[in-house]
Amino acid sequence: MLGKLIKYEFRATGRVFLPMFGALIIVAVINRLFSSLSYKTPMIIGTATSVVLIIAIFVITLIITLQRFYKNLLTNEGYLMFTLPVSTDSLIFSKLITASVWNILSLIIVAVAVCIMAVSDISLSGIIEAVSGFLADIGIGGITAAVIIVEAVVVALSALLSGILMFYACMSVSLLMNKHRILFSFVAFLVFNTVGQILGGIAVPIAMALKLEEKFLSWDLMTQIHSGAGLLFLQNLIVGAVFYILSRFMLKKKLNLE
Amino acid sequence: MAILDCSGLTKTFGPKRALSNVSLSIDKGRIVGLLGPNGSGKSTFLKLCNKLLTPSAGTLLINGEAPGIKSKSLVSYLPEHNYLADWMRVCDIISFFRDFYEDFDASKATEMLVSLKIGERERLKTLSKGTKEKVQLILVMARQAQLYLLDEPIGGVDPAARSYILNTIIKNYNPEAAVIISTHLISDIEPILDDVIFLKDGEVVLKSSVDEIRGENGVSVDALFREVFKC
Amino acid sequence: MNWSFQTDRPIYLQLKEQITLLIISGQYPAGSRLPPVRDMAADAAVNPNTLQKALQELEREGLVYAQRTSGRFVTEDEKMIEQAKNQLAAEQIDRFIEKMAGIGFTVEETLALISKRVKE
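Residues numbered from 1 in each chain as written. Chains lettered and ligands numbered in written order. Predicted model: local features only at pLDDT ≥ 70, side-chain atom pairs only at ≥ 80, totals over all residues.

**Brief notes about the overall build of chain C**
Condition: Where helices and strands are cited, they refer to DSSP runs of H or I of at least four residues and of E of at least two residues respectively, numbered from the N terminus. A residue pair is marked as a contact if its C-beta atoms, positioned from the backbone, fall within 7 Å.
Within chain C, the secondary structure is distributed over five helices and two strands. Written out in order from the N terminus, the α and β elements of chain C read α-α-α-β-β-α-α. Projected onto its principal axes, the C-alpha positions of chain C cover 55 × 35 × 25 Å. In chain C, of all internal contacts separated by at least 6 residues, the share reaching a separation of at least 24 is 55%.

Put into structure tokens, the structure is as follows:
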């Protein structure tokens, strides 16, 4: 059933994303043509358009990530979704997976558009060369470099997932209110962030007291990078799990559609 | 055998009791009217049966099990609200139902769409409120469910469509399935009911068969309702 | 067929009377098969269980009979239909006489009024 839910989730969101992505790529290509012909005015208009489009893509990606959860599950559409013979887990995961894919695709499309428009030639192989060159400069190469890149991707992915789950949790706890649910979701967002900062604020003196900092600095660079990445990943995992469990509990036990 | 069984079912919202100590048993093959004025707990009861709300106290069993994924595949529920996403076409929502409900009969749905003159290619956004309600009812009635829970199925449609809907319920009758219809338009649905349940302020004040009410009191259910709920 | 129901009596009794009338008047001829319960119920816009109950009553009285696989039939016994016809007539007459008594006429006066009215 998860597969079917994801299928419909993509169908519901693809009709917004695909035209938007198409528009950005077309504008980027036109822009590139004008810039190679050195026409000033169309180039400025083209650049402005693409900047606006890029900002729009990021904003719309965020809005749709939120809206698919809120509108589809917590408003009238919830009457359909929550009476389907599927588990609450499948509902949350279908939203999470689809939203993550679109977030990643948005980044990739924007990167591709920037590469197309860039005056000097930037290609994927060029970027890889630059990154590996940078890593080589600080004395890392070959397999180690690949491991670090994989680590960075995994950490970024876990951050994305836990970030989306935090938004889901904010919207889910608004079920406690009978009115002003959107407003309450914003309040929950502020509260969660404040709590996160307080926890971070507590963690620092504890780490200092345990002399973790000295220990960390005594390690060599590679160990520092690996353990840092591991720590970030673990943090995202725990935070994500907490928000997932909270959302699941709210949707299962406190559901109250208007 | 009872398809729906509840005892001491209670739902509170803060200090407000929406449903209070409701004990009922609905047998297969019955068409039951859940009658009561606005705010008497009809919708709350149906939402509890669909796990859209969690009971504050009491037990509720559908086909012998607590509401969950399994009961959701047996229950066909028509909520009061329009739950259809605007951007979909009628055919999209048909294939959605076919994908998720094994008991959904798409050819039956198509047949009903044709007789109500609703085009499959139409976008839900362009349909009137009444037509959307009809689409939803078609989706619900095209399932071969064991329990139909219909919340105000005839509230927002014109009298011609009302007859069609009541006819659909009769034609769809299955001795293995039960139908619960919540409404305040009693005289319209009275002839199709076996039993009635009167809800008042979240409590069951009467449970009887239509024949009994007419035979013993010599009045219609509609008249009895007006008497019980006199303002 | 126009079905109509009054609000003060059980619907199955009214269904029974109206089906009897259909049989007597020959719309459902002797020995013919009755429509399936679901179709008949849909036509009358009543609950299939209620219609079932009405048909079972008629079965008990012998006006219709059920065959296990092929449905329900009107009795082939013309005499029985005739009897039902007479009984219905008797009921109507009784009711009429009662009403006339309510207005203030005796049976004889009522009879006289009827024959006078018919001649007109």
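**Considering the confidence of the model for chain C**
Heads up, the rule is: pLDDT: the predictor's confidence for each residue, scored from 0 to 100.
Averaged over all residues, the pLDDT of chain C equals 89, while 99% of them reach at least 70. Interface confidence in the predicted complex, given as ipTM, is 0.94; pTM for the same model is 0.89.

**Describing unusual backbone geometry**
Note: most residues except glycine have negative phi, and most peptide bonds are trans. Residues and elements named next belong to chain B. Rules: Residues are called buried when their C-beta atom has 20 or more other C-beta atoms within 10 Å, exposed when it has 12 or fewer, and partly exposed otherwise; all C-beta atoms are positioned from the backbone.
Although it is not a glycine, K117 adopts a positive phi angle of roughly 55°. The backbone of E152 sits at a positive phi, close to 50°, despite the residue not being glycine. For E152, a count of 18 C-beta atoms within 10 Å puts it in the partly exposed group.

**Observations concerning the interface of chain B and chain A**
Each partner contributes residues to the interface: chain B has 17 residues there, and chain A has 18 residues. At the level of secondary structure, the elements contributing two or more residues to the side of chain B that touches chain A comprise α2 (69-74) and α3 (90-100) of chain B.

**As for the sheet that holds strand β7 (residues 178-183) of chain B**
All names here are of chain B. Our working definition: DSSP-based pairing: two strands are paired if at least 2 bridges between them are found. Comment: axis = line fitted to C-alpha atoms, over the contacting stretch for helices; angle = value between 0 and 180 degrees taken between N-to-C directions.
A sheet is described by the order of its strands in space; here six strands give the open sequence β5-β6-β7-β3-β8-β9, paired in mixed fashion. Strands at the two margins of the open sheet, each flanked by one partner only, are β5 (75-78) and β9 (203-209). Neighbouring strand axes in the sheet, compared pairwise and without regard to direction, differ in orientation by 15° on average. Examined bridge by bridge, strand β8 (residues 195-200) and β9 share six bridges and lie antiparallel to one another. Opposite F198, over in β9, you have L206 as the bridge partner. Set on the sheet, helix α5 (residues 129-141) makes contact with β5 and β6 (147-151); between it and β5 the angle comes to about 170°. Strands β8 and β9 of the sheet are contacted by helix α8 (residues 210-217), whose axis makes an angle of about 80° with β9.

**Section: helix α1 (residues 2-37) of chain A**
All names here are of chain A. Where we set the bar: Each helix should span, by expectation, one fewer than its residue count multiplied by 1.5 Å. Bend, at a single residue, is the angle you get between axes fitted to the 7 residues ending at that residue and the 7 residues starting at it.
In a regular helix each residue adds 1.5 Å, so 36 residues correspond to 52 Å; α1 covers 50 Å between its end C-alpha atoms and thus fits that length. Within α1, the axis deviates most sharply at G14, by approximately 50°. Among all positions of α1, only L5, Y8, E9, T13, F21, L24, V27, A28 and N31 are buried. S38 sits one or two positions beyond α1 and adopts a positive phi of about 60°.

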